[in-house]
Amino acid sequence: MSQPRLSALLSTALAGLLLASALIAAAGLGDTPRQMHFDARLTPPNLDFWFGTDALGRDVAARTLAGLTLSFWVGSLAALFGTLIALGMALTAMLGPRWDALVSLVIDTLLSVPHLLLLLMIAFALGGGTHAVIIAVALSHWPSLARVLRAELLHLRQAPYVQISQALGKSRGFIVRHHWIPQVLPHCLVGALLLFPHAVLHEAALSFLGVGLSAEQPAIGVLLGESMRHVSGGDWWLGVFPGAGLLLMVLCIQRLGETLRRAWAAR
Amino acid sequence: MLQIDDLSLQLPYYASWWRRQWAEVLAGVSLDVRPGEVHAVIGASGAGKSLLAHALMGLLPAPHRQAGHLTFKGQPLTAARQRQLRGRELALIPQSLSALDPLVRSQRQVRWAAQRAGHTAARAPHTANQALAHYQLDERAQQAFPHQLSGGMARRVLTAMAHVSSAQLVIADEPSVGLDPQQRDRVLNALAALAREGKAVLLISHDLRHALPIAQRVTIMRQGRCLETAPAAAFEGDGHALTTRYAQALWRALPDNHFTSPVTQPAPHVA
Amino acid sequence: MLDASGLRYGVAGQPAVLDDVSLTLDAGEWLGLDGVSGAGKSTLGHLLAGHLTPQAGTVTVDGAPLPRRGLRPVQWLPQSPELAVNPRWRVKQILEEAWTPPDALRDAFGIEPAWMNRFPQALSGGELQRVCVLRALAPGVRYLVADEISSMLDPLTQLALWQGLRRVADERQLGVLVISHDAALLNRLCSRRLTLSDGRLRPPKRYGAPPATAPGQSPASR
């Protein structure tokens with residue numbers, strides 16, 4: 001096997017393995033993240049609790065893993081929905097000049113609102129919680145990706161092979177399914193990949209502000225929010241481990257996505 | 001000026017997802033270019049002509065295997081020397097018009113080329129303007145961005161950039177692609193003029209018919225190999241002065257000549 | 001008969017590229033079209049093949065306008081085959097988007113069975129151009145617009161392409177509009193020639209003019 005391909009394969013496999021093991025481990029945790037050990041509150045990392053414990057004596061390691069899983073699902077769903085909405089809107093814009101004008105207007109309007117504000121408004125309006133976070137992130141982030149996809153589709157529409165396909169009698173549906181979407185898929189993948197860490201961090205921000213996940217759910221954002229209060233006390237493990245876990249997870253997702261994108265685009 | 005001895009080049013490709021294999025894209029290529037001469041390299045697409053140009057300039061993508069000797073002005077042309085001389089004594093007029101920076105006006109691009117070639121910041125504008133005028137690019141063209149220029153004008157800007165570098169060896173990679181006859185003649189004449197000034201010009205093209213009037217020697221390439229190097233005057237009559245059958249077939253296949261090939265019957269002449 | 005009459009095409013705010021252009025192409029006829037760059041030859045080709053809609057004028061085949069759905073009887077062939085195929089499709093898929101050509105015809109164009117499973121990037125320009133031509137020869141196609149299809153090809157590949165096309169066109173009595181700068185090529189292929197300049201069609205200044213060099217004379221010796 002050649003060097004570059006081998007190293008790509010190894011790093012991707014590693015990323016996949018790390019991610020899978022984290023998710024599997026989290027699934028086997030059961031009640032551990034919520035168990036409080038009042039006699040061992042705010043202990044630094046030791047042999048019993050590898051990542052230490054928090055203010056309520058809960059195992060930071062268990063909470064981090066559970067939090068990663070939660071953030072993973074919230075981030076993935078938000079990124080997925082956001083990307084699907086963006087693709088749908090970009091395709092709608094291709095229906096005709098009026099539709100294009102309408103979609104462009106919506107995009108421009110949404111982009112002109114500071115997106116944190118938009119995020120807060122939507123999450124608040126939906127009453128907070130996991131669902132609210134996912135929907136809010138998806139709705140506030142689709143415009144920028146939609147703009148990119150629309151530009152790409154506009155360019156594609158003029159491509160000679162698309163014109164020839166029409167001249168050969170292929171229906172609109174055929175052209176969209178077989179010519180447009182495969183070309184636009186790498187962009188969607190990149191968009192989704194970029195959206196994922198964004199979504200996770202926004203979930204953290206929303207939870208921090210009290211509009212996102214409730215305090216019992218150990219999402220990374222909640223963990224980081226809690227750790228803020230103890231930073232001045234020198235209890236570094238409360239923030240460092242969840243933060244590092246988040247970083248690692250984002251890197252793994254990115255590696256997997258990058259390999260997928262390269263494999264798709266290489267053909 | 002330039003001597004290529006037995007150059008061979010291998011590039012990697014992936015037969016399946018993980019198995020990398022090496023394809024021989026150039027094999028045993030030998031030719032030389034003299035000062036004041038236009039040496040045309042003619043071949044079909046896929047014959048390796050553009051790769052030859054990139055190998056000479058040291059612009060090949062990283063994984064590659066190269067063997068053979070390149071000599072420029074009597075000294076071996078190593079990778080380090082290529083880096084040093086690129087844009088100064090070695091100039092490439094690339095095939096792709098996207099070689100022009102899309103965000104920069106033509107005048108400025110030529111000025112940059114002049115500065116890269118060693119002209120001082122004070123002299124560069126003057127040199128650039130001289131070159132632009134030489135290629136009949138008026139004020140409007142000079143202030144235009146690449147996408148506003150026609151194919152022919154964009155090519156002339158690229159040629160002007162090679163001109164200001166006062167390079168001794170100019171390699172033109174398919175300079176007449178996509179141009180109408182007038183623009184094509186202008187660009188080719190510009191290359192001939194460069195040769196008349198004493199530079200060595202390597203013209204790479206698939207267009208045998210229009211390279212001949214300005215070339216002194218012609219090398220025919222096929223599938224990465226040099227088949228024959230002949231003086232341009234040998235391309236006449238039924239091509240009997242050419243030594244290889246492929247070169248003869250190429251000459252005879254021109255619509256100006258017989259428009260036939262050895263394998264098939266003559267095409268019905270309609271006009 | 002392919003009949004274009006009174007065609008007018010322009011982009012809003014700019015002078016019309018084509019103004020009152022009319023031409024006819026009979027079945028089995030080879031018509032040449034030349035003109036300076038930017039004169040509108042490609043635009044005319046696109047209009048005849050139905051890729052563009054003219055602002056005025058009509059394009060009809062045997063009296064009927066070009067169909068909105070289904071295979072159009074006029075097919076356009078590109079100068080750059082790389083742009084005319086979906087780079088993610090294999091050659092087999094590209095061909096079968098139009099029709100399944102019989103093996104005999106495929107061999108006549110020198111298209112090897114091994115190519116079927118390859119992607120367009122694996123083929124050379126000349127090879128891909130042959131695939132594009134074969135694709136355009138689906139049953140029901142009566143007229144071809146060949147827009148500079150051989151200008152990027154070397155003499156031998158160019159010859160093979162035109163010979164193959166000639167044979168099929170003669171067999172099926174296809175009308176072919178050859179757009180090209182190459183006067184010698186047009187002389188060889190076409191029985192009639194038109195020139196496009198300033199948005200209008202004119203007969204050539206010198207009808208049937210010989211190529212710049214007489215056959216057999218070396219251009220280098222001029």
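Keep in mind it's a predicted model, so treat the numbers as computed, not measured.

Peer 1: I keep staring at the overall build of chain C and nothing clicks. Help me out?
Peer 2: Each helix and strand in chain C was counted, giving 6 helices and 10 strands. Computed over the C-alpha atoms, the radius of gyration of chain C is 18 Å, within 12% of the 17 Å expected from 2.2 N^0.38 for a compact globule of 222 residues. Reported as C-alpha extents along the three principal axes, the dimensions of chain C are approximately 55 × 45 × 35 Å. For chain C, the proportion of its 222 residues judged to be buried stands at 52%. Summarising the internal contacts of chain C: among those between residues at least 6 apart in sequence, 74% fall at separations of at least 24.

Peer 1: I keep staring at the sheet that holds strand E2 (residues 20-33) of chain B and nothing clicks. Help me out?
Peer 2: In a beta sheet, neighbouring strands pair by backbone hydrogen bonds and run either parallel or antiparallel. Residues and elements named next belong to chain B. As summarised here, the arrangement of the 4 strands in space is E2-E1-E4-E5, forming an open sheet in which the pairing is antiparallel. In this open sheet, the two strands that pair with only one neighbour each are E2 and strand E5 (75-76). Its contacts with the sheet put helix H1 (residues 49-57) on strand E1 (2-14), E2 and strand E4 (65-72), and the angle it makes with E2 is roughly 80°.

Peer 1: Explanation requested: the nonpolar core in the structure shown.
Peer 2: Counting residues in hydrophobic clusters, the biggest one holds 152 residues, and the most contacted among them are Leu169(B), Leu191(B) and Leu203(B). No other element matches helix H6 (residues 151-164) of chain B, which puts 8 residues into this core. If you count residues domain by domain, this core takes at least three from each of domain 1 (1-89 + 169-261) and domain 2 (96-166) of chain B. Those residues within four positions of Leu191(B) in sequence are excluded, and the remaining contacts are Val38(B), Ala172(B), Pro175(B), Val201(B), Leu203(B) and Ile214(B). Membership of the second largest hydrophobic core comes to 60 residues, among which are Ala138(A), Val184(A), Cys188(A) and Phe241(A).

Peer 1: Quick question: what am I supposed to make of the domain arrangement of chain B here?
Peer 2: Accessible area lost upon the coming together of the parts is a frequently used measure of interface size. Residue and element names in this part refer to chain B. Annotation of chain B at the domain level lists domain 1 (1-89 + 169-261) and domain 2 (96-166). Averaged C-alpha coordinates put domain 1 and domain 2 at centres separated by 25 Å. Between domain 1 and domain 2, the residue contacts involve 11 residues of the former and 12 residues of the latter. For the side of domain 1 that touches domain 2, a count of residues per class yields 6 nonpolar, 3 polar and 2 charged.

Peer 1: What is the right way to read the sheet that holds strand E6 (residues 74-77) of chain C from this model?
Peer 2: Residue and element names in this part refer to chain C. Sheet architecture is open: 6 strands sit in the order E6-E7-E8-E3-E9-E10, paired in mixed fashion. At either margin of the open sheet sits one strand with a lone partner, and together these are E6 and strand E10 (200-202). Each adjacent strand pair in this sheet contributes to an overall mean axis angle of 25°, direction not counted. Note: strand E9 (residues 192-197) against E10, 3 bridges, orientation antiparallel. Note that in E10 the partner of threonine 195 across the bridge is arginine 202.

Peer 1: Would you mind showing me how to read the packing of helix H4 (residues 125-135) of chain C against helix H5 (residues 155-172) of chain C here?
Peer 2: A pair of packed helices is characterised by two quantities: the angle between their axes and the separation of those axes. All names here are of chain C. In contact at an axis separation of 10 Å, H4 and H5 are set at 15° when each is read in the N-to-C sense. The orientation of H4 relative to H5 falls into the category roughly parallel. The crossing of H4 and H5 is right-handed. Contact with H4, carried on its side by Gly126, Gln129, Arg130 and Val133, involves Thr157, Leu161 and Leu165 of H5 and no other residues of that element. Here the residues of the contact of H4 with H5 sort into 3 nonpolar, 3 polar and 1 charged.

Peer 1: Could you clarify how one ought to interpret the confidence of the model for chain C in this entry?
Peer 2: Do not read the predicted coordinates in detail wherever pLDDT is low. All names here are of chain C. Taken residue by residue, chain C gives an average pLDDT of 84. The fraction at 70 or more is 90%. Least confident of the elements in chain C is E10, whose mean pLDDT is 77; most confident is E6, at 94. Note that residues 206-222 has pLDDT below 50 and, in this model, 31 contacts with residues that lie over four places away or in other chains. Model confidence for the complex: the whole-complex pTM is 0.80, and ipTM, which rates the interface, is 0.85.

Peer 1: I would appreciate a short explanation of unusual backbone geometry in the present structure.
Peer 2: Note on backbone geometry: most residues besides glycine have negative phi, and most peptide bonds are trans. Here Gln136(B), not a glycine, exhibits a phi torsion of approximately 55°, which is positive. According to the C-beta neighbour criterion, Gln136(B) is exposed, with 11 such atoms within 10 Å. The phi torsion at Gln173(C) lies on the positive side, around 55°, for a residue other than glycine. Locating Gln173(C) in the fold gives a position in the loop between H5 and strand E8 (175-179).

Rules used in this analysis
- Residues numbered from 1 in each chain as written.
- Chains lettered and ligands numbered in written order.
- Predicted model: local features only at pLDDT ≥ 70, side-chain atom pairs only at ≥ 80, totals over all residues.
- Helix = DSSP H or I, 4+ residues; strand = E, 2+ residues; numbered from the N terminus.
- Rg over C-alpha atoms; globule rule 2.2 N^0.38 Å.
- Buried ≥ 20, exposed ≤ 12 C-beta atoms within 10 Å, placed from the backbone.
- Contact = placed C-beta atoms within 7 Å.
- Pairing = 2+ DSSP bridges.
- Axes fitted to C-alpha atoms, helices over the stretch in contact; angles between N-to-C directions.
- Core = buried A, V, L, I, M, F, W, Y, C linked by C-beta atoms within 7 Å.
- Domains from an automatic or database assignment.
- Nonpolar A, V, L, I, M, F, W, Y, C, P; charged D, E, K, R; others polar.
- Parallel < 35°, antiparallel > 145°, perpendicular 65-115°, else oblique.
- Left-handed = near helix turned anticlockwise from the far one by under 90°.
- pLDDT = per-residue confidence, 0-100.

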